[in-house]
Amino acid sequence: MQLIQETADLSAYLTADEVIDHHHPLVRETSAGLAAGVADSYEYARAAFEFVRDSIPHSQDSGDLRVTWRASDVLEQGTGICYAKAHALAALLRAEDIPTALCYQKFEVLHGLVAVRFNGAWHRQDPRGNKPGVDAQFSLDGERLAFVTDPGFNELDYPVLYAAPHPVVLDVLKAAPDRPHLWRTLPTAL
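What you see is a predicted model, and the numbers here were worked out from it, not measured in a lab. (Residues numbered from 1 in each chain as written. Predicted model: local features only at pLDDT ≥ 70, side-chain atom pairs only at ≥ 80, totals over all residues. Heavy atoms only, no water.)

If you tally the helices and strands in the chain, you get seven helices and six strands. Along the chain, from the amino end to the carboxyl end, the secondary structure elements read β-α-α-α-α-α-β-β-β-β-β-α-α. For 190 residues, the compact-globule estimate of 2.2 N^0.38 gives 16 Å, and the C-alpha radius of gyration of the chain, at 15 Å, lies within 12% of that figure. C-alpha extents for the chain along the principal axes are approximately 40 × 35 × 35 Å. Burial statistics for the chain: of 190 residues in total, 51% are counted as buried. A fraction of 61% describes how many contacts in the chain between residues 6 or more apart in sequence connect residues 24 or more apart. On the chain, roughly 8500 Å² of surface is accessible, and the fraction owed to carbon and sulfur atoms is 51%. Side-chain charges in the chain split into 16 positive and 26 negative, and the spacing between the mean points of these groups amounts to 4 Å. (Helix = DSSP H or I, 4+ residues; strand = E, 2+ residues; numbered from the N terminus. Rg over C-alpha atoms; globule rule 2.2 N^0.38 Å. Buried < 20%, exposed > 50% of the residue type's maximum accessible area, 1.4 Å probe, protein only. Contact = heavy atoms within 4.5 Å. Areas by Shrake-Rupley, 256 points an atom, 1.4 Å probe, with all protein chains shown as cover. Lys, Arg positive; Asp, Glu negative; His and termini not counted. Charge placed at Lys NZ, Arg CZ, Asp CG, Glu CD.)

Written as structure tokens, this is what we have:
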């Protein structure tokens, strides 16, 4: 699949906003700690991916009822669903000047992940969190995502790379008082 940038301006994939708030002190502190132990931006991206994937439980898997959507809140509260974890990873990567986009897959509901830009190309990464049957890995040599779409079941990979969370996703996250409510209102398409 050919990934398509929403905007040709690569700097859009480095910006901070209310969701991907990489200017926040907690995001900066976390990124500095991760950067201290690595040699280059590729190793940093892998470390940030593994940190979000492994250290921040997916709230459905852990049973956490809280809904997070802002990157700094995901890091502070240590929980989030796929979209929120993607926001946290995007903030950590952008904090170290690694262009990062948000992207989506369609299953019964939308699934959120990121794409990172290395060596002139975009590479999708899924920090959702592993569990039995899910083995997402950081990779620039072929995708190792949590889920693979099956067009026979009307599943698809959206090719657009967004600089900011899609409004359909963000509106649902912001409106949800808890995860059970969120689960009933998850978007099914962009």
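Back to the write-up after that little detour.
The next subject is the environment of Asp64. In this structure, Asp64 sits in the loop between α3 (59–62) and α4 (71–77). Residue classification places Asp64 among the buried positions, given a relative accessible area of 18%. Here the alpha-carbon distance between Asp64 and Asp150, two residues 86 residues apart in the chain, equals 29 Å. Not counting residues within four places of it along the chain, the set of residues in contact with Asp64 comprises Ser59, Thr79 and Arg179.

With that out of the way, let us pick up the packing of helix α1 (residues 25–36) against helix α2 (residues 41–55). Between α1 and α2, the shortest axis-to-axis distance is 9 Å and the interhelical angle comes to 125 degrees. When the axis of α1 is compared with that of α2, the two are oblique. Judged by the sense of rotation from one axis to the other, the crossing of α1 with α2 is right-handed. Mapping the contact onto sequence places Thr30, Ser31, Leu34 and Ala35 in α1 and Tyr44, Ala47, Ala48 and Phe51 in α2. (Axes fitted to C-alpha atoms, helices over the stretch in contact; angles between N-to-C directions. Parallel < 35°, antiparallel > 145°, perpendicular 65-115°, else oblique. Left-handed = near helix turned anticlockwise from the far one by under 90°.)

It is worth spelling out the sheet that holds strand β5 (residues 156–157) at this point. The strand order across the open sheet built from four strands is β4-β3-β2-β5, with neighbouring strands paired in antiparallel fashion. Only two strands of the sheet have a single neighbouring strand rather than two, namely β4 (121–125) and β5. Of the pairings in the sheet, the one linking strand β3 (residues 110–118) to β4 comprises five bridges and is antiparallel in character. Directly across from Val116, in β4, lies its bridge partner His123. On top of the sheet, helix α5 (residues 82–95) reaches β2 (100–106) and β3; it is set at about 15 degrees to β3, its chief contact. (Pairing = 2+ DSSP bridges.)

Roughly 330 Å³ of volume is contained in the largest pocket. Lining the largest pocket are 18 residues, with Val109, Leu110, His111, Phe147 and Trp183 positioned closest to its centre. Here the residues of the lining of the largest pocket sort into ten nonpolar, three polar and five charged. (1 Å grid on protein atoms, 1.4 Å probe; cavity = no way out; pocket = protein on both sides within 12 Å on 5 of 7 lines; lining within 4 Å. Points joined across faces, edges and corners; volume = space filled by probe spheres on them. Nonpolar A, V, L, I, M, F, W, Y, C, P; charged D, E, K, R; others polar.)

Looking now at the side chain of Arg128. If you trace the backbone, Arg128 turns up in the loop between β4 and β5. Only 2.6 Å separates the side chain of Arg128 from the side chain of Asp61, close enough to count as a polar contact. Not counting residues within four places of it along the chain, the set of residues in contact with Arg128 comprises His58, Asp61, Cys82, Lys85, His111, Val134, Ala146 and Phe147. (Polar contact = N/O pair within 3.5 Å; in protein donor to acceptor, adjacent residues only side chain to side chain.)

What follows deals with the pattern of salt bridges. The final tally for this structure, using the stated rule, is nine salt bridges. Residues Asp73 and Arg70 are paired through a salt bridge, measuring 3.2 Å at the closest nitrogen-oxygen approach. Classification of Arg70 as partly exposed rests on a relative accessible area of 24%. It is possible to trace a salt-bridge network through shared partners that takes in Asp61, Arg128 and Lys131. (Salt bridge = Lys/Arg side-chain N within 4 Å of Asp/Glu carboxyl O.)

Two numbers describe a pair of aromatic rings. These are the distance of the centres and the angle of the planes. Under the definition given, this model contains seven aromatic pairs. Here the aromatic rings of Phe49 and Phe138 are separated by 5.8 Å at their centres, their planes lie at 55 degrees, and the arrangement is tilted. Residue Phe49 is found in helix α2, and its partner Phe138 is found in the loop between β4 and β5; the two are separated by 89 residues along the sequence. Exposure remark for Phe49: the relative accessible area of 1% places this residue in the buried category. Feature note: the residues Tyr42, Phe49, Phe118 and Phe138 constitute an aromatic cluster, connected by ring pairs. A cation over an aromatic ring shows up here: Arg179 above the ring of Trp183, its NZ or CZ 5.9 Å from the ring centre. (Phe/Tyr/Trp six-rings, centres within 6.5 Å; stacked < 30°, edge-to-face > 60°. Lys NZ or Arg CZ within 6 Å of the ring centre and 35° of its normal.)

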